[in-house]
Amino acid sequence: MESTLVERVQRDNDHLAFEQLMRKNQSPIRQFLRRLTVQNQAIADELAQETFLKAFVNIKTYRGEGKFLSWLFKIAYQQFVSSTRKKVEQSNTELTDQADDGKFEHRLVAEKTAKDLLKYLKPDERAILLLHFSHDLSHQDIATILQIPLGSVKTLIRRSRLKLQSFAQENKSENTNEK
Amino acid sequence: MKNDFLDDDWLKDELSDDYIDDDDFSDSVVKKITFHERKSKRNFYFLLAALLTITSFLLIPDLIMLFTEGASSLEGLVSFSLFDSVNGHKNSSFMQMEFIGLCVILLSFVMIWSCEDFDLI
């Protein structure tokens, strides 16, 4: 079904077919970008729109190797990285990335869930946890999306979840001390 | 908060989000796609129009002269018309040819814009 729609877009520039593909895939892409941009919904949706526009323009380069959604995730991640880079160049400070190489100060008192703690991770760590746990992608797909060696995926997942765990533990001890 | 970050199922559950779906999003993207297509077509039309203009300006008078007056060599005519265009020494028949050339250019523009309006390309 999905491959037929992709073929229609590739062959005839079919807007209706692309709209159907978009309806099917918009939710995971938008969820992913919202988490990556630390719940900045406006920026995330803008990036998601750019992602689908880029996908439409470059759809002929999609050769059907791997899932269509993985291909979209790759574009979305590239959009996010380039927008973050642009912002850094403009303001010389990272606006969306609050990660600070693991220096975890006394900021977590109000943070309650794993989702809340995600924002303290670096973008690639955040992305890898989301792609693996929230979107259930294989290590191979993740390596392609993030453009990292396959061997690094497992290590990065483990490192990121441990980091998240340490943040949560600090959060817990902060709360206990306050009481 | 239960700290069980090494439990896959728990983390999966923690990091999953609600399904997002709205027509406005799809509509905005479709609008962006349509705008993008028009914009890229427009660049193509401008390029086509520029090519046509240059070609017409350089060749049409010569071709007309070649077929109507039976000139001896195209090479001589090209240099003649280019020389005339640069220096402004034009005889009446050459002016006429330039006028026809301009009409052809104008018609080309009309054709190109019609193609865009009726979405023929």
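Treat the numbers as computed from the prediction; the structure is a model and nothing was measured.

Caption draft 1: Looking closely at the overall build of chain B. When you go through chain B residue by residue, the secondary structure sums to four helices and zero strands. A total of 121 residues make up chain B; the buried ones form 10% of that total. A sequence separation of at least 24 residues applies to 62% of the contacts in chain B between residues at least 6 apart.

Caption draft 2: Local environment of the overall build of chain A. The helix and strand tally for chain A stands at eight helices and zero strands. For chain A, the succession of helices and strands along the chain, N to C, is α-α-α-α-α-α-α-α. The proportion of buried residues among the 179 residues of chain A is 36%. Considering only contacts in chain A between residues 6 or more positions apart, those separated by 24 or more positions represent 60%.

Caption draft 3: Seen up close, the interface of chain B and chain A. Listed per partner, the contact involves 21 residues of chain B and 28 residues of chain A. Among the secondary structure elements, those contributing two or more residues to the side of chain B that touches chain A are helix 1 (8–15) and helix 2 (23–69) of chain B. A per-class count over the side of chain B that touches chain A returns 11 nonpolar, five polar and five charged.

Caption draft 4: Quick look at the nonpolar core. Of all hydrophobic cores here, the largest spans 47 residues; its most connected members are Leu33(A), Ala76(A) and Leu131(A). Counting contributing residues per domain, this core is built from domain 1 (1–97) and domain 2 (99–179) of chain A, each supplying no fewer than three.

Caption draft 5: Layout of the confidence of the model for chain B. All names here are of chain B. Per-chain confidence: chain B averages 71 in pLDDT, with 62% of residues scoring 70 or above. The least confident element of chain B is helix 3 (residues 74–87), whose mean pLDDT is 51; the most confident is helix 1, at 88. Quick note on the complex model: pTM equals 0.71, ipTM equals 0.76.

Caption draft 6: Structural context of helix 1 of chain B. All names here are of chain B. Every buried residue of helix 1 is accounted for by Leu 11, Glu 14 and Leu 15. Projected down its long axis, helix 1 carries its buried residues within an arc of 85°, all on one side. For helix 1, the exposed residues set more than 90 degrees away from the buried face come down to Asp 9 and Asp 13.

Caption draft 7: Spotlight on the domain arrangement of chain A. All names here are of chain A. The domain boundaries assigned to chain A delineate domain 1 (1–97) and domain 2 (99–179). For the side of domain 1 that touches domain 2, the secondary structure elements donating two or more residues are helix 2 (15–36) and helix 4 (68–91). With five residues, the single largest contributor to the side of domain 1 that touches domain 2 is helix 4. Here the residues of the side of domain 1 that touches domain 2 are counted per class, giving six nonpolar, three polar and four charged.

Caption draft 8: Here's a closer look at the packing of helix 3 (residues 41–57) of chain A against helix 4 of chain A. All names here are of chain A. Their axes nearest at 9 Å, the elements helix 3 and helix 4 cross at an angle of 125°. By the angle between their directions, the pair helix 3 and helix 4 is classed as oblique. Seen from above, helix 3 lies across helix 4 with right-handed handedness. Where helix 3 abuts helix 4, its residues Leu 47, Ala 48, Glu 50, Thr 51, Lys 54 and Ala 55 lie against Leu 72, Ile 75, Ala 76, Gln 79, Phe 80 and Ser 83. The class makeup of the residues in the contact of helix 3 with helix 4 is seven nonpolar, three polar and two charged.

Caption draft 9: Region of interest: unusual backbone geometry. Residue and element names in this part refer to chain A. In this model, Asn 13 sits at a positive phi of 55°, which is unusual for a non-glycine residue. Of note in this structure, Gln 147 is not a glycine but carries a positive phi near 55°. Among the structural elements, Gln 147 can be located in the loop between helix 7 (139–146) and helix 8 (150–178). The exposure class of Gln 147 is exposed, given the 11 C-beta atoms found within 10 Å.

Caption draft 10: Region of the structure containing the packing of helix 6 (residues 123–134) of chain A against helix 7 of chain A. Residues and elements named next belong to chain A. At a minimum axis distance of 10 Å, the contact between helix 6 and helix 7 shows a crossing angle of 145°. Note on packing geometry: the crossing formed by helix 6 with helix 7 is right-handed. Where helix 6 abuts helix 7, its residues Asp 124, Ala 127, Ile 128, Leu 131 and His 132 lie against Ile 142, Ile 145 and Leu 146.

Caption draft 11: Structural view of the environment of His132(A). Residue placement: His132(A) occurs in helix 6. Not counting chain neighbours up to four residues away, the residues in contact with His132(A) comprise Leu137(A), Ile142(A) and Ile157(A).

Caption draft 12: The confidence of the model for chain A, seen in detail. All names here are of chain A. Confidence in the prediction of chain A, expressed as mean pLDDT, is 86, and 85% of residues score 70 or more. Mean pLDDT across the elements of chain A ranges from a minimum in helix 5 (residues 114–117), with 84, to a maximum in helix 7, with 95. A low-confidence stretch, residues 102–106 stays under pLDDT 50, and its non-local contacts, those more than four residues away or across chains, total five contacts.

Here is what the cut-offs are and how they apply
- Residues numbered from 1 in each chain as written.
- Chains lettered and ligands numbered in written order.
- Predicted model: local features only at pLDDT ≥ 70, side-chain atom pairs only at ≥ 80, totals over all residues.
- Helix = DSSP H or I, 4+ residues; strand = E, 2+ residues; numbered from the N terminus.
- Buried ≥ 20, exposed ≤ 12 C-beta atoms within 10 Å, placed from the backbone.
- Contact = placed C-beta atoms within 7 Å.
- Nonpolar A, V, L, I, M, F, W, Y, C, P; charged D, E, K, R; others polar.
- Core = buried A, V, L, I, M, F, W, Y, C linked by C-beta atoms within 7 Å.
- Domains from an automatic or database assignment.
- pLDDT = per-residue confidence, 0-100.
- Arc of directions from axis to C-beta.
- Axes fitted to C-alpha atoms, helices over the stretch in contact; angles between N-to-C directions.
- Parallel < 35°, antiparallel > 145°, perpendicular 65-115°, else oblique.
- Left-handed = near helix turned anticlockwise from the far one by under 90°.

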